[in-house]
Structure formats: C-alpha cells, structure tokens
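Structure assessment
If you want the building blocks of each chain, they are given just below.
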Amino acid sequence: MFPLFAVAIFSELAVLSAAQSITPLTTSQINYFTPYTYYASTAFCDPAEVLAWHCGVNCEANPNFHPVASGGDGNAVQYWYVGYDSILDTVITAHQGTNISNLLPVLTDLDIVLVPLALDAERFPGLDSSIKVHDGFKDAQARASADVLAGVQAAMSTYGSTSVTMVGHSLGAAISLIDSVYLPLHLPSATTFKTIVYGLPRVGNQAFADYVDANLRLTHINNKEDPIPTLPPMFLGYIHPSGEVHIEDSGVWVTCPGQDNASTECIVGDVPTVFQWNEADHDGPYNGVTIQCSSS
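Procedures and definitions
- Residues numbered from 1 in each chain as written.
- Predicted model: local features only at pLDDT ≥ 70, side-chain atom pairs only at ≥ 80, totals over all residues.
- Heavy atoms only, no water.
- Helix = DSSP H or I, 4+ residues; strand = E, 2+ residues; numbered from the N terminus.
- Buried < 20%, exposed > 50% of the residue type's maximum accessible area, 1.4 Å probe, protein only.
- Contact = heavy atoms within 4.5 Å.
- Areas by Shrake-Rupley, 256 points an atom, 1.4 Å probe, with all protein chains shown as cover.
- Core = buried A, V, L, I, M, F, W, Y, C linked by side-chain atoms within 4.5 Å.
- Disulfide = S-S within 2.5 Å.
- Arc of directions from axis to C-beta.
- Pairing = 2+ DSSP bridges.
- Salt bridge = Lys/Arg side-chain N within 4 Å of Asp/Glu carboxyl O.
- Axes fitted to C-alpha atoms, helices over the stretch in contact; angles between N-to-C directions.

Topic: the overall build of the protein chain
The secondary structure content of the protein chain amounts to ten helices and eleven strands. Buried positions account for 56% of the 296 residues belonging to the protein chain. Partitioning the intrachain contacts of the protein chain with sequence separation of at least 6 by distance along the chain shows that 66% fall at a separation of at least 24. Approximately 11600 Å² of the protein chain is accessible, and the part contributed by carbon and sulfur atoms is 54%.

Given below as structure tokens:
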C-alpha cells in the first residue's frame, strides 16, 4: 500500500514540476521525502556501521532497510552504501558529501573543466560527446562506480527488486546524479529509477541538463540561502536540470519549474550573489532533518 502511495506522490510532484508555475508543496508531499533525507544523511556514517545498520538516528529512522554493500574511506573515495528498503520496495544507493569549507574552493575555481562522459566509453556507452560534466565529480563517481553497480545488482537479485533510488547530499548529490546516468546503462531495461538529492551543485553543461530532463526522474532539494546549488557559476557553462524544490526562509517548500529558475522563490533568484550566501543552510534542516551522522 505504502509504495503505491509513494509512487502517486512522486508522480504528482513530477506533474507540478512540469507546470509553468511555482507551486507550494503540501505537508504530505514534504513528508514523502523524509525517508530519503535520512538515507542521504546515513551516507556520512562509517561504512562498517552502515553495513551493520547500527548508525544511530539515521538508521533508526529507516528500520526496514537491509544493507547489502558499503565502502569508501571518506578521503580518496567518498563513503557509499547500497541496500533494499522493504517498505518503499526499492534499492537505495547513497554517497557521502563533504564539508562545505572543502567544497567551496573546488566550485569557485575558475579553472573548472567540463569533460565529456563519452570519453569513458566503457562506463557511459552510447552517450553523445556533447554531454559534459565537472571533471572532479566525474572522477569521484568513477572511483566507486564498479562496486556500487555490483552492490545494486546483488540487491536486485537478492530482493527481487526492479526499482533503484539514488540519494545524496552536496558532493554526494553530484556523484549520485552521475550514478543516475551510469546505472541505467548497465542494468535491465525494465528497471525503474528515481533520484532525490539535497544541496546539489551544478554538475554539467546544457547538454547534460537536457539529457537528465529527458531520461531521469530527478528531484533536487535546496535549503534557503545555501550557496552550493548556485555553483559552479552559469557563466562557466554549467546549468541545473529541472526538478528543483526550494525551501524558502518561511519554511514553505516550492517546486521551481525549468532549469535554473530565476524567480526569487527559487535558489537562483534567492541567492544571486555571494552577499546572500549562508553556508549554515547547506546541511539543512530539511523538514527537521539535519544532514550529519549521529551515533546517538
């Protein structure tokens, strides 16, 4: 019953995003995201704790999760994990983000390079060479991609699932968005996918954003005056795909149709310059959930 309700809510949100107006979310629509917010937060916990599903409040919030694989060292490779949620009836993949003080210099570096995903033809077969992403994000995703794919395949086989949901926050959101392009190229065509991420920086160029809009089910949620979703800057050729949900200062959540909606109710218009930045907004709270690992 619950999975059908969840599908209905997500489909309703997709319709709202397609509409050419900014629309407030209802309480039930906001609450729909909460399990995924905790999953994104869990990615900041030690992989061994996650594999045992003993990671404090984040694990306790999703008691019907069955971990399958985890990894990363939190340095060269961001933490990641894969498992199955028996209530949502989906395989979950998640990647750890990073401290905002470490991410800001990377995103404001004017030497940022956009590279074609097609250069890695083994991982991204058949993609047009015009589809380009941040080279650092591409490399970060590549380091764990084979292990994540193997974990997803194992989870799908073990639990008979044909649904995969990708989540993440900050750098983890960027990695998960590239996962969202990568995994469908290597899993059965009957598999359904959705991506729910938080504090997402811009990941790629116009062709990448258009590919995401045409092929993925993406929701990217940003909080108040968080600077990370406004970076890298658009004048360097970066653009967000559609699917933005913005949390206003009032606490109201709104859908922002289109790519990089310039309304002051959405992140681009709300945070037009560095003078509006508030780094404290990056970790939330997102409907009461602050992105962090807490063992208590």
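There's more to say after this.
Digging into the nonpolar core
Residues Leu117, Val152, Val164, Leu183, Val203 and Phe208 are the most contacted members of the largest nonpolar core, which totals 40 residues. Taken together, the elements giving at least two residues each to this core come down to strand 3 (80–85), helix 7 (135–159), strand 7 (163–169), helix 8 (171–182), strand 8 (192–198) and helix 9 (206–215). Residue contacts for Leu117: discarding those within four places in its chain leaves Phe124, Leu127, Ile131, Val133, Lys138, Ile178, Val181 and Phe208. In this structure, Ala43, Ile196, Tyr198 and Tyr286 belong to the second largest nonpolar core, which totals 28 residues.

Quick word on the state of the cysteines
Going through the model one piece at a time under the given rule, you end up with three disulfides. Cysteine pairing in the protein chain follows 1-6, 2-3, 4-5, where each cysteine in a disulfide is numbered by its order in the sequence.

Re helix 9
Those residues of helix 9 not exposed but buried are Phe208, Ala209, Tyr211 and Val212. Buried residues along helix 9 cover an arc of 160 degrees about the axis, so they all sit on one side. Of the surrounding secondary structure, the elements contacted by the buried residues of helix 9 are strand 6 (132–134), helix 8 and strand 9 (218–223).

Details of the pairing of strand 3
In terms of residue burial, strand 3 counts as a mostly covered element, since six of its six residues are buried. Residues Trp80, Val82 and Tyr84 line one face of strand 3 and the alternating positions Tyr81, Gly83 and Asp85 line the opposite face, and both faces are buried. As defined by bridge partners, strand 2 (residues 65–71) adjoins strand 3 across six bridges and the pair is classed as antiparallel. Bridging from a neighbouring strand, Ala69 pairs with Val82 of strand 3. By the bridge criterion, six bridges tie strand 3 to strand 4 (residues 90–95) in an arrangement that is antiparallel. Of the residues in strand 4, the one forming a bridge with Trp80 is His95. Once strand 3 ends, the chain turns through four residues before running back antiparallel as strand 4, passing Asp89 with a positive phi of about 55 degrees.

Things to note about the pattern of salt bridges
Scanning all chains against the criterion turns up two salt bridges. A salt bridge links Asp120 to Arg123, with the shortest nitrogen-to-oxygen separation between them at 2.6 Å. Since its relative accessible area comes to 10%, Arg123 is described here as buried. With its nearest N and O atoms 3.1 Å apart, the salt bridge here joins Asp260 to Arg202. Highlighted residues: Asp260 in the loop between strand 11 (253–256) and helix 10 (267–270) and Arg202 in the loop between strand 8 and helix 9, separated in sequence by 58 residues.

Let's talk about the pairing of strand 4
Of all six residues in strand 4, six are buried; the element is thus mostly enclosed. Along strand 4, one buried face is formed by Thr90, Ile92 and Ala94 and the opposite face, lined by Val91, Thr93 and His95, is buried too. Both strand 4 and strand 7 contribute to a ladder of five bridges, which runs parallel. Bridge pairing in strand 7 places His95 opposite Gly168.

What to know about the sheet that holds strand 9
Within the open sheet, the nine strands sit side by side as 1-11-10-9-8-7-4-3-2. Their pairing is mixed. Unpaired on one side and paired on the other, strand 1 (23–24) and strand 2 mark the two borders of the sheet. Packing of helix 3 (residues 34–42) onto the sheet brings it into contact with strand 2, strand 3, strand 4, strand 7 and strand 8, and relative to strand 7 it is tilted by some 60 degrees. In the packing of helix 7 onto the sheet, contacts are made with strand 2, strand 3, strand 4 and strand 7, and the angle to strand 3 comes to roughly 15 degrees.

Observations concerning unusual backbone geometry
That bond from Leu231 to Pro232 is cis: its omega, -15 degrees, falls within 30 degrees of zero. Positionally, Pro232 belongs in the loop between strand 9 and strand 10 (244–247). In this chain, Gly284 is followed by Pro285 through a cis amide linkage whose omega measures 10 degrees. With respect to the element layout, Pro285 can be found in the segment after helix 10. Backbone geometry places Asp89, a non-glycine residue, at a positive phi of 55 degrees.

Some remarks on helix 3
Within helix 3, eight of the nine residues are buried, which leaves the element mostly enclosed by the surrounding structure. Within helix 3 the residues assigned to the buried category are Thr34, Pro35, Tyr36, Thr37, Tyr39, Ala40, Ser41 and Thr42.

Taken by themselves, the reported measurements are silent on function.
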